[in-house]
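# Analysis of the macromolecular model
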Amino acid sequence: MNTLAWDTYRQNATAFVHEWAAERDEKGEAHSYWDAFLKIFNLERRRFARHEGRVKREGNRQGFIDLIWKGKMLVEHKSAHLDKPEDFEKTFRQAMEYVAGLPPAERPLRVVLCNFKRFRIYDLASAFPDFPSFKNLESLRAAPFVEIAIAELPQRLAEFAFIPEFAGELIVAEEKANFDAVARIASIHTVLTSAHYTGHDLELLLVRMLFCMFAEDTGIFEPKQFSKYILKSTLENGSDIGEALLELFDVLNTPVRRRGDVGAALMQFPYVNGGLFAEKLTKTPPGSMGLRNALETCAMFDWAGISPEIFGSLFQAVLNDTERRALGAHYTSDTNIRRLIDPLFLDDLWAEFQAVRTDKKKLEIFRRKLGSLRFLDPACGCGNFLVVTYRELRLLDMEVVKAAQGIQYVTDASLLANVRLEQFHGLEIKPVSALIAQVALYLAEHQANRALLHTFGVTIPSIPLRESPHILTGNALQTDWSSLSPLPFGGGAGGGVKGETFSYIIGNPPFIGSKVMDDGQRGEIKTLFGNASGSGTLDYVSGWYVKAAAYLDSSAETKVAFVSTNSITQGEQVGMLWGTLLEKHGITIYFAHQTFKWTNEAPGVAAVYCIIVGFGKTKPARRWLFEYADIKGEPVVSEVKNINPYLVEAGDVVVRSRQKPICQVPEIGIGNKPIDGGHYLFTTEERDDFLKKEPLAKKYFRRWIGSDEFINGWERWCLWLGEEDLEVLKGIPLIWERVEAVKRTRLESKSAPTQKLAEKPTRFHVENMPKGNYLVVPKVSSERRPYIPIGFEEPTTLSSDLVFIIPNATLFLFGMLHSEMHMAWVRYVCGRLESRYRYSKDIVYNNFPFPMQATPAQKSAVEAAAQQMLDVRAVHQAAGKNLAQLYDPTKMPTDLLAAHVALDRAVDACYGIKKAFASEAKRVAWLFGLYGELVGNERK
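Residues numbered from 1 in each chain as written. Predicted model: local features only at pLDDT ≥ 70, side-chain atom pairs only at ≥ 80, totals over all residues. Heavy atoms only, no water.

Turning our attention to the overall build of the protein chain. A tally of helices and strands in the protein chain yields 32 helices and 26 strands. Burial analysis of the protein chain (940 residues in total) assigns 55% to the buried set. Long-range pairs, those at least 24 residues apart, make up 73% of the contacts in the protein chain between residues at least 6 apart in sequence. With an accessible surface of roughly 40300 Å², the protein chain has 52% of that area assigned to carbon and sulfur atoms. (Helix = DSSP H or I, 4+ residues; strand = E, 2+ residues; numbered from the N terminus. Buried < 20%, exposed > 50% of the residue type's maximum accessible area, 1.4 Å probe, protein only. Contact = heavy atoms within 4.5 Å. Areas by Shrake-Rupley, 256 points an atom, 1.4 Å probe, with all protein chains shown as cover.)

Put into structure tokens, the structure is as follows:
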């Protein structure tokens with residue numbers, strides 16, 4: 001059991017009891033009650049279970065289960081006044097009739113009865129050995145139970161441990177099913193590519209075959225109709241399978257009345273309009289037993305339980321690594337999508353529904369609102385954001401219908417056609433992805449229509465298609481988004497007018513860093529930012545932010561949220577991107593997820609570090625900040641007054657690059673940059689071997705450190721020849737060989753400045769060699785460390801350009817930079833290399849608000865604490881520990897940690913801080929305020 005998770009669950013349970021202990025009305029609040037109950041375990045009921053599930057009771061009577069989680073849990077809920085033992089017995093008999101009416105595979109392992117005041121939990125699987133294949137209903141009515149009063153819930157929550165266990169099992173099963181499904185499609189892909197069937201034809205063929213397998217398992221086709229066609233209409237050796245597929249695709253694209261004589265098997269297939277089968281393949285698929293067998297194996301899989309999002313995984317399986325990196329494609333999981341759409345609009349819509357659910361007039365107004373919303377994903381890929389959004393709005397719309405008129409009274413399926421595919425717009429640069437997105441939305445519509453049948457007993461035919469989403473192919477950064485504005489509907493609820501704007505712009509733009517963009521992509525970004533200085537350092541995703549902000553200038557009510565790499569809220573990118581968004585466009589951040597690790601089961605998808613930012617121009621009623629103590633875990637959400645570009649609760653300051661420190665402190669610079677092709681650098685073994693052959697070289701060797709050498713404590717050496725006469729060096733043959741090698745390396749460079757350096761082969765490109773002791777700050781350090789290890793070095797040691805150095809640094813400055821105060825600033829302001837800290841001169845050091853008003857006594861206290869920390873560190877280093885080991889958060893010596901804590905207190909005192917900050921976020925917010933004052937004073 002995860003102790004931290006259960007601590008959170010118990011806190012959630014306490015809040016649940018406070019909210020619901022006084023509730024009594026079963027009819028009005030039971031649904032909300034159980035939605036809230038499952039949220040105790042951070043579960044969204046809509047993903048796992050449904051209310052009012054249809055079932056046949058004894059005597060063929062229609063029954064409606066209050067809540068059913070198929071195969072896991074059934075809930076029957078009553079009003080609080082039904083609290084006698086006989087009331088619970090009657091309710092249990094009713095629940096058991098429901099259990100008996102379910103197919104064996106859907107019968108629940110647990111039955112839970114509730115009347116707001118108490119719960120009864122029945123473990124059917126443990127009580128009855130023959131369950132779920134029981135024959136005698138009466139045998140189930142004597143089941144033992146556990147009873148819990150609602151006031152006891154936080155203390156006895158472990159009785160419900162089966163709920164998160166069931167959820168975990170389901171998630172694992174879904175992930176395995178998705179992975180298996182992709183693997184099967186990938187096997188077909190392998191057969192086709194091995195036969196040199198590639199390119200657009202391959203992609204189109206895979207999409208169509210996948211659609212056919214979905215269709216035969218979900219009711220679009222007759223059961224296993226596609227599989228039977230392949231098995232019965234093609235030869236066992238597969239030689240004619242290519243022609244058979246082309247003939248089928250042509251039939252699917254032709255209305256039944258126009259098909260002519262195609263044979264009985266093909267005539268039975270329905271007409272699939274919408275363009276999926278319209279384009280002719282330029283090449284016939286290869287005929288082979290391998291393809292026939294792979295397709296047969298794939299068709300044996302049960303596709304009915306696979307989400308339309310599988311098309312995204314298919315896309316990942318098809319693309320090769322090179323193309324995937326070029327497009328910045330990342331398969332987007334349901335969890336990550338919900339992290340965006342829930343706070344952007346879905347939570348508010350559900351809250352609005354709960355507020356009006358008992359008022360039929362207001363419900364109708366709310367339902368019209370659902371039908372009027374318009375969504376744009378301007379980097380839609382395979383459509384996952386649109387698919388999940390459509391699915392969730394259809395589920396909400398069904399709840400509205402149930403609240404307005406009850407499930408027993410819906411007989412006209414047309415009344416259920418409110419949320420429509422035409423409300424969803426996408427823009428995608430790759431044609432096959434746009435096609436996949438369109439097909440995925442068709443399948444999402446079909447699955448939603450199947451849910452209508454389970455809930456209301458009526459459905460809407462999915463074939464032929466009645467409407468289409470607006471998925472266009474094009475470059476989002478070169479397209480005017482206002483030209484995509486919704487067009488009029490052909491009637492129906494929530495019909496729009498030409499020129500109306502999007503309600504929400506959502507998505508997951510490409511993850512392409514500034515250093516790996518091609519010239520065309522970099523040119524697009526520079527153009528969008530008016531070729532401003534620094535725009536060439538921006539990541540590709542920044543283009544979507546500035547395009548969205550420009551759209552908001554003429555559509556202030558539209559709200560936007562994107563998933564992005566966390567780099568746009570760190571380092572030098574913040575000044576250019578967020579300075580533009582805040583100052584030119586006046587946007588405000590509504591909610592934000594701080595950095596979390598993005599991982600998926602999709603093949604080939606690397607882990608990346610992401611954020612989510614929701615923003616707009618209107619002032620939000622509330623702002624939400626999602627913080628991750630564990631970047632792989634779940635966030636803690638809190639309401640805040642403001643969210644700034646660093647995704648912290650603070651004012652909207654932007655830390656811009658500056659060449660000189662904002663405070664009166666020594667300047668910082670990089671170490672030495674030889675540009676020597678490695679000819680002047682040696683390991684200890686290489687140096688010793690060199691000196692055996694050339695003893696006269698000993699005086700030219702200097703200890704050499706970069707970040708790695710400094711932190712991990714290993715030796716490296718450098719030949720420093722720059723101050724020696726060339727004639728002397730010519731008399732030392734092995735040294736002169738190195739000089740000549742460096743000269744050749746520089747001359748062979750394509751860089752003119754490097755070629756120029758060949759004129760002085762003993763000098764470095766950058767030389768920074770303090771005459772006295774200096775301070776070393778590694779450029780890159782692990783984010784796991786509570787402090788970036790820094791320290792003093794003697795002038796006999798040369799530092800590389802992989803560290804920053806501060807000549808003539810004082811013990812006070814060392815203490816300031818090695819403090820919790822400075823590290824909090826670093827964590828929020830610095831750039832990152834993956835998730836590691838990337839310290840910088842112009843952003844981090846030069847902008848840090850040092851305590852310039854500190855008294856001599858306060859400075860002395862910092863110096864004393866800093867020296868004590870150095871002394872403790874020196875003892876451990878003398879015993880063989882390096883800085884990496886000393887600052888490993890799981891192994892940091894207690895005396896070193898205590899010395900740092902004392903230093904942190906002394907540094908805080910320099911700022912006049914007497915009481916510890918409640919969190920690092922609060923500390924950083926305070927630092928941003930101090931920084932804002934310094935910037936304001938500069939401008940006076």
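From this point, the discussion proceeds with the structure in view.
Sheet architecture is open: 3 strands sit in the order β21-β26-β25, paired in antiparallel fashion. Both edges of this open sheet fall to β21 (780-781) and β25 (831-833), since each of them pairs with a single strand only. (Pairing = 2+ DSSP bridges.)

Another aspect to go through is the pairing of strand β3 (residues 73-77). With 5 of 5 residues buried, β3 lies mostly within the body of the structure. Residues Met73, Val75 and His77 of β3 are buried on one face, and the alternating residues Leu74 and Glu76, pointing to the opposite face, are buried as well. With 3 bridges connecting them, strand β2 (residues 62-69) and β3 associate as antiparallel partners. Paired with Ile68 across the two strands is Leu74, which belongs to β3. Connecting the antiparallel pair β2 and β3 is a turn made up of 3 residues, with Gly71 showing a positive phi of about 75 degrees. Bridge analysis of β3 against strand β4 (residues 110-114) gives 5 bridges, and the strand direction is parallel. Across the sheet, Val75 pairs through a bridge with Val112, a residue of β4.

When the charged atoms of two side chains with opposite charge come close together, those side chains can pair. Counted by the stated rule, this structure contains 40 salt bridges. Ionic pairing is found between Arg110 and Asp123, a salt bridge with its closest N-O pair at 3.5 Å. Placement of Arg110 in strand β4 and of Asp123 in strand β5 (residues 118-123) is noted, with a sequence separation of 13 residues between them. Exposure remark for Asp123: the relative accessible area of 23% places this residue in the partly exposed category. One network of salt bridges, in which partners are shared, links Asp83, Lys117, Arg118, Arg120 and Glu147. (Salt bridge = Lys/Arg side-chain N within 4 Å of Asp/Glu carboxyl O.)

So, on to the environment of Ala36. Here Ala36 is to be found in helix α2 (residues 26-39). Note: C-alpha distance between Ala36 and Asn12 (24 residues apart in sequence) is 9.6 Å. Non-local contacts of Ala36, meaning those with residues more than four positions away in its chain, are made with Phe16 and Trp20.

Right, let's talk about the sheet that holds strand β12 (residues 588-598) for a bit. A sheet is described by the order of its strands in space; here 9 strands give the open sequence β9-β8-β7-β10-β11-β13-β12-β14-β15, paired in mixed fashion. The sheet is open, and its two edges are formed by β9 (470-473) and β15 (636-640), each paired on a single side. Mean inter-strand twist for the sheet, computed between neighbouring axes without regard to direction, equals 20 degrees. Relative to strand β13 (residues 608-616), β12 runs antiparallel, the two being bridged by 8 bridges. Considered in β13, the bridge of Phe591 is made with Gly614. Where helix α14 (residues 334-356) meets the sheet, its contacts fall on β7 (375-377), β10 (504-507), β11 (559-565), β12, β13 and β14 (623-627), and the angle it forms with β12 comes to roughly 165 degrees. (Axes fitted to C-alpha atoms, helices over the stretch in contact; angles between N-to-C directions.)

Let's shift gears to the packing of helix α19 (residues 542-553) against helix α20 (residues 573-584). Packed helices, taken two at a time, are described by the angle their axes make and the gap between the axes. Between α19 and α20, whose axes approach to 10 Å, the crossing angle comes to 10 degrees. Classified by the angle between their axes, α19 and α20 sit roughly parallel to one another. Residue-level contacts link Ser542, Tyr545, Val546 and Ala549 of α19 to Leu577, Trp578, Thr580 and Leu581 of α20. Among the residues forming the contact of α19 with α20, the class breakdown is 6 nonpolar, 2 polar and no charged. (Parallel < 35°, antiparallel > 145°, perpendicular 65-115°, else oblique. Nonpolar A, V, L, I, M, F, W, Y, C, P; charged D, E, K, R; others polar.)

Take the packing of helix α15 (residues 360-372) against helix α16 (residues 384-405) next. Remark: α15 packs on α16, axes separated minimally by 10 Å, with the N-to-C direction vectors making an angle of 160 degrees. Here α16 runs roughly antiparallel to α15, going by the angle between their axes. Regarding α15 and α16, the two cross each other, and that crossing is left-handed. Contacts between α15 and α16 involve Lys360, Leu363, Phe366, Arg367 and Leu370 on the former and, on the latter, Leu393, Leu396, Asp397, Val400, Val401, Ala403 and Ala404. (Left-handed = near helix turned anticlockwise from the far one by under 90°.)

This paragraph deals with the packing of aromatic side chains. In total, this model carries 56 aromatic pairs according to the counting rule given. Judged by centre distance (6.5 Å) and plane angle (75 degrees), the ring pair of Tyr787 and Tyr887 falls under edge-to-face. Here Tyr787, found in the loop between β21 and β22 (791-793), pairs with Tyr887, found in the loop between α30 (883-886) and α31 (894-910); they are 100 residues apart in sequence, far enough to count as distant. Using a relative accessible area of 5% as the deciding quantity, one classes Tyr787 as buried. Directly above the ring of Phe145 sits Arg120, whose terminal nitrogen or CZ lies 4.0 Å from the centroid. The ring of Phe596 is capped by Arg339, whose NZ or CZ atom sits 4.7 Å from the centre of that ring. (Phe/Tyr/Trp six-rings, centres within 6.5 Å; stacked < 30°, edge-to-face > 60°. Lys NZ or Arg CZ within 6 Å of the ring centre and 35° of its normal.)

Among the secondary structure elements, Thr190 is positioned in helix α6 (residues 162-194). Sequence separation between Thr190 and Leu291 is 101 residues; the distance between their C-alpha atoms is 9.4 Å.

Attention now goes to unusual backbone geometry. Even without glycine at this site, Ile675 takes up a positive phi of about 50 degrees. By the secondary structure assignment, Ile675 is in the loop between β16 (669-670) and β17 (681-683). With relative accessibility at 28%, the residue Ile675 sits in the partly exposed group. Located in the positive-phi region is Asn808, a residue other than glycine, with phi close to 60 degrees.

Turning to helix α29 (residues 856-878), a few remarks are in order. Under the 1.5 Å per step criterion, the end-to-end length of α29 is 33 Å for 23 residues, consistent within 8% with the ideal 33 Å. When α29 is considered as a whole, its buried residues turn out to be Val862, Ala865, Ala866, Met869, Leu870, Val872, Arg873 and His876. (Expected span 1.5 Å × (residues − 1).)

This part takes up the side chain of Thr684. Along the chain, the position of Thr684 falls in helix α21 (residues 684-693). A polar contact is formed between the side chain of Thr684 and the side chain of Trp717, at a distance of 3.1 Å. (Polar contact = N/O pair within 3.5 Å; in protein donor to acceptor, adjacent residues only side chain to side chain.)

Summarising burial for β2: 7 of the 8 residues are buried, a large majority. Bridge analysis of strand β1 (residues 50-56) against β2 gives 6 bridges, and the strand direction is antiparallel. By the bridge assignment for β2, Lys56 is matched with Gln62.

Note that an α-helix has 3.6 residues per turn; residues three or four places apart therefore point the same way. Along helix α8 (residues 225-233), the residues classified as buried are Gln225, Phe226, Ser227, Tyr229 and Ile230. In the core, the buried residues of α8 are packed alongside α7 (199-218), α9 (241-252), α10 (264-267) and α11 (289-299).

Glancing now at the confidence of the model for the protein chain. For the protein chain, mean pLDDT is 86; residues scoring 70 or higher make up 89% of the total. Counting contacts from residues 487-498, a segment whose pLDDT is below 50, to residues more than four positions away or on other chains yields 24 contacts. The low-confidence segment residues 601-605, where pLDDT is below 50, has 13 contacts with residues more than four positions distant or belonging to other chains. (pLDDT = per-residue confidence, 0-100.)

Glancing now at the environment of Tyr680. The topology assignment puts Tyr680 in the loop between β16 and β17. Leaving out residues up to four positions away in the same chain, Tyr680 has contacts with Trp717, Cys718, Leu719, Leu721, Arg738, Val739, Val742, Pro761, Thr762 and Phe764. A polar contact of 2.9 Å, which involves the side chain of Tyr680, links it to the backbone oxygen of Pro761.

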